[in-house]
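Take a look at the letters that make up each chain.
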Amino acid sequence: MGRIIGIGIGPGNPELITIKAAKMLRKADVIFVPKVQRRKPSIALSVIKPVLEERDRPPEILELMLPMTRDKKELEIAWDRNAEIMAEKAKCDKLVAYVVLGDPTLYSTFAYLARKIGEKYPKIDLEIIPGVTSLTACAARSGVFLAEGNEILTIVPSDRDLEQIEEIVRYADNLVFIKGVQRLKGILPILEKVGFTKNSLVIIARRCTMPNEEMKIGRLIDLQSWFASEDYFSMAIIKRKGER
Ligand SMILES: C[S@@+](CC[C@H](N)C(=O)[O-])C[C@H]1O[C@@H](n2cnc3c(N)ncnc32)[C@H](O)[C@@H]1O
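The structure presented is a predicted model; accordingly, all values stated were derived computationally and were not measured.

Calculation criteria
- Residues numbered from 1 in each chain as written.
- Predicted model: local features only at pLDDT ≥ 70, side-chain atom pairs only at ≥ 80, totals over all residues.
- Heavy atoms only, no water.
- Buried < 20%, exposed > 50% of the residue type's maximum accessible area, 1.4 Å probe, protein only.
- Helix = DSSP H or I, 4+ residues; strand = E, 2+ residues; numbered from the N terminus.
- Contact = heavy atoms within 4.5 Å.
- Domains from an automatic or database assignment.
- Buried area = accessible area lost by both parts, 1.4 Å probe.
- Salt bridge = Lys/Arg side-chain N within 4 Å of Asp/Glu carboxyl O.
- Polar contact = N/O pair within 3.5 Å; in protein donor to acceptor, adjacent residues only side chain to side chain.
- Nonpolar A, V, L, I, M, F, W, Y, C, P; charged D, E, K, R; others polar.
- Near = heavy atom within 4 Å.
- Areas by Shrake-Rupley, 256 points an atom, 1.4 Å probe, with all protein chains shown as cover.
- 1 Å grid on protein atoms, 1.4 Å probe; cavity = no way out; pocket = protein on both sides within 12 Å on 5 of 7 lines; lining within 4 Å.
- Points joined across faces, edges and corners; volume = space filled by probe spheres on them.
- Arc of directions from axis to C-beta.

Undergrad: Help me understand helix 7 (residues 184-193) in this model?
TA: Three or four residues apart is the spacing at which side chains of an α-helix point the same way, because the helix has 3.6 residues per turn. Inspection of helix 7 places L184, I187, L188, I190 and L191 among the buried residues, and these make up the whole buried set. Among the structural elements, helix 6 (162-169), strand 7 (174-178), strand 8 (201-206) and strand 10 (234-239) are those in contact with the buried residues of helix 7.

So, in structure tokens, the structure goes:
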């Protein structure tokens, strides 16, 4: 009774869509595209556009509004509503796809939707097609190795509180700060306290592999003088040692 596939479409450059993801994008009857701001065009949709243009028959494309809020009640209502919309399509025997930037298993909205659909409609098949993550894409674009040997790589969502961040980064060799870099300067004293040095390597990547990509490569000491991008599609990679 129906099939819903969460498809990772990579970090932004259509060339980084996997063959398997492209195959499914050419086959799907309905493609759901997450959208956070009503007036701004969907980035995910622009990424998959070249693949969709190869189709003889266009799919039904539906944008799903996802509120950018921490209000749990508001979020629950949105997940329930969106899960219902997707399930309705799958129940009509349509092959349904939901696209996410990067990989669906890494901080993606597909997690909430898949859970809701799985609970309410256990007969719907839920699948995941992995994608190239923004973390690995940013590392590759800057020529940095994220982790070697027995190093600990820690992913820190920048909206965690400072006390938690201090605990988390204490044991990390290398860090990836996601969900924007605006709070990074505030975290600097914590990094120095737990042993990162002025010479630790810092990469700031904005819209990596997208047409307006920006990369900064420097040292922790440079961070104070760098302009912190307000763009949500930014991350920082920090390596305790100074080498790439
Ligand atoms: C909710 S997470 C989604 C991660 C995604 N599922 C993945 O596998 O890469 C969103 C965060 O990923 C990072 N991000 C996603 N795409 C990016 C890109 N092209 N360049 C830089 N950072 C990106 C940003 O830190 C952004 O705030």
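Undergrad: Looking at this structure, I do not really get the domain arrangement of the protein. What am I missing?
TA: Quite often, the size of an interface is put as the accessible area lost when its parts meet. In terms of domains, the protein is made up of domain 1 (3-129) and domain 2 (134-239). Using only C-alpha atoms to locate each centre, domain 1 and domain 2 end up separated by 28 Å. The interface is formed by 11 residues belonging to domain 1 together with 14 residues belonging to domain 2. A buried area of about 900 Å², summed over both sides, lies between domain 1 and domain 2, and 73% of it is on carbon and sulfur atoms. For the pair domain 1 and domain 2, the number of links is one salt bridge. Here D159 ties to R70 by a salt bridge, and the two come within 3.5 Å at their closest N and O atoms. Viewed at the interface, domain 2 and domain 1 are joined by two residue pairs in polar contact (both at pLDDT 80 or more). In terms of residue class, the side of domain 1 that touches domain 2 is built from seven nonpolar, three polar and one charged.

Undergrad: Help me out: how do you make sense of the site of the ligand in this one?
TA: Taken together, 20 residues sit near the ligand, with D103, L106, S134, Y232 and S234 positioned nearest. In this structure, L101 approaches the ligand through a main-chain N or O atom, which is 3.1 Å from a nitrogen atom. Separating an oxygen atom of the ligand from a backbone N or O atom of K179 is a distance of 2.9 Å. Here the ligand, which alone exposes 570 Å², has 94% of that area covered by the protein. At the level of elements, helix 5 (134-142) and strand 10 are the ones that each hand at least two residues to the shell around the ligand.

Undergrad: Even after reading the chapter, I still don't get empty space enclosed by the protein, so can you show me in this structure?
TA: Where empty space is left becomes clear once a probe the size of a water molecule has been rolled over the atoms. Following the criterion strictly, the structure yields one cavity of 30 Å³ or more and no others. For the largest cavity, the calculated volume is near 50 Å³. Residue lining of the largest cavity: V181, L184, K185, I204, L223, W226, F227 and A228, and that is the complete set. Across the lining of the largest cavity, the residue classes tally to seven nonpolar, no polar and one charged.

Undergrad: Just checking my understanding: could you explain helix 4 (residues 110-120) for this structure?
TA: What helix 4 keeps buried is the set F110, L113, A114, K116 and I117. Around the axis of helix 4, the buried residues are gathered within 165° of arc, so they sit on the same side. Relative to its buried face, helix 4 has exposed residues pointing more than 90 degrees away, namely R115 and E119. Where helix 4 is buried, its residues contact strand 1 (3-8), helix 3 (72-91), strand 4 (95-100) and strand 5 (125-129).

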